[in-house]
Amino acid sequence: MIGDEKTALFVIISDTDDTFNFIVSIMYTQLFNLLCDRADDVYHGRLPVHVRCLLDEFANIGQIPKFEKLIATIRSREISASIILQSKSQLKAIYKDNADTIEGNCDTTLFLGGKEKTTLKEMAEILGKETIDLYNTSDTRGTSQSYGLNYQKTGKELMSQDEIAVMDGGKCIMQLRGVRPFFSNKFDITKHKQYRLLSDFDDKNALDIEKYVKNLCKARVRDNDTVDEVEDAGVIEA
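Analysis parameters
Starting afresh in each chain, residues are numbered from 1 along the sequence in its written order. Since the coordinates come from a predicted model, pLDDT governs what is reported: local features require at least 70, and pairs of side-chain atoms require 80 or more to be given and counted, while whole-chain, interface and lining totals use all residues. Hydrogens and waters are ignored; side-chain quantities use all the structure's heavy atoms. Any two strands with at least two DSSP bridges between them are considered paired. Comment: elements are numbered from the N terminus, with helices defined as DSSP H or I runs of at least four residues and strands as E runs of at least two. The definition used for a disulfide is geometric: two cysteine sulfur atoms within 2.5 Å. Note on exposure labels: buried denotes an accessible area under 20% of the residue type's maximum, exposed denotes more than 50%, and partly exposed covers the range between, all computed with a 1.4 Å probe on protein chains only.

*Asks:* What's the story with the pairing of strand S6 (residues 171-176) in this structure? I'm lost.
*Replies:* When a strand is regular, its side chains alternate between the sheet's two faces. As judged from the four bridges shared by strand S3 (residues 108-111) and S6, these two strands associate in the antiparallel manner. Pairing of Leu-110 across the sheet is with Met-174, part of S6. With four bridges connecting them, S6 and strand S7 (residues 182-185) associate as antiparallel partners. Within S7, the position partnered with Cys-172 by the bridge is Ser-184. Between S6 and S7, which pair antiparallel one after the other, the connecting turn spans five residues, and Gly-178 there sits at a positive phi close to 85°.

Structure follows, in structure tokens:
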């Protein structure tokens, strides 16, 4: 159903144990390959429903094979990927030389804050410089007093590394391809019209996965009127 109609697929793995990360890597490979083939063979190159991959904790979900090639080709098929990292060094640690290729295929960069040196340095370079007026005065005193005034224009970093490091937690920096980067307030999620549906608003909204699976198994028993079908509905926890 992914790509054909609105669908949500949650992939939940351990962020401390990478034993079963290879299974997730296989899943991602099949997912992207099948979606691209379906877009080309069935929908003439573009899926009818946009598929957005929210890759949270991207550094801890395992390496996606040939991701540097996939991210450059999936966009034309109505597939996008949001890579969420704690710092850019995490991306380089996993994808080595291909990290720059992956970052180069991302049209939007959103910096929410941090203090990792590599990230701060690259952000300061991306922001560029602004032109400022510089005044120098000199006052020499002696047998003959002299006074001088020097005026010139010079370049200054829009935000230095130390300014970015101490950026207010309610602020963010957005850079969109073709647009100058801008400094903005973070969105207040409590003002969202559907905030009341989150578990942050009410603990009753939290999903109890064990209860959900049990209800799913019971539903299969009622539909098939046999217990044999339930044995195939087990959950493997990594």
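*Asks:* In this structure, what is going on with the state of the cysteines? I would like to understand it.
*Replies:* Note on terminology: a disulfide is the covalent bond linking the sulfur atoms of two cysteines. For the structure shown, the criterion picks out zero disulfides. With no disulfide of its own, Cys-172 lies closest to Cys-106 among cysteine sulfurs, the gap being 17 Å. We classify Cys-172 as buried; its relative accessible area is 8%.

*Asks:* I'm lost on unusual backbone geometry in this one. Help?
*Replies:* If a residue is not glycine, its phi is most likely negative; likewise, a peptide bond is most likely trans. Although it is not a glycine, His-44 sits at a positive phi angle of roughly 60°. The phi dihedral of Lys-66 is positive, around 55°, even though this residue is not glycine. By the secondary structure assignment, Lys-66 is in the loop between strand S1 (51-55) and helix H2 (67-73). Take Lys-66: its relative accessible area is 57%, and that puts it in the exposed class.

Any link to function would need more than the numbers given here.
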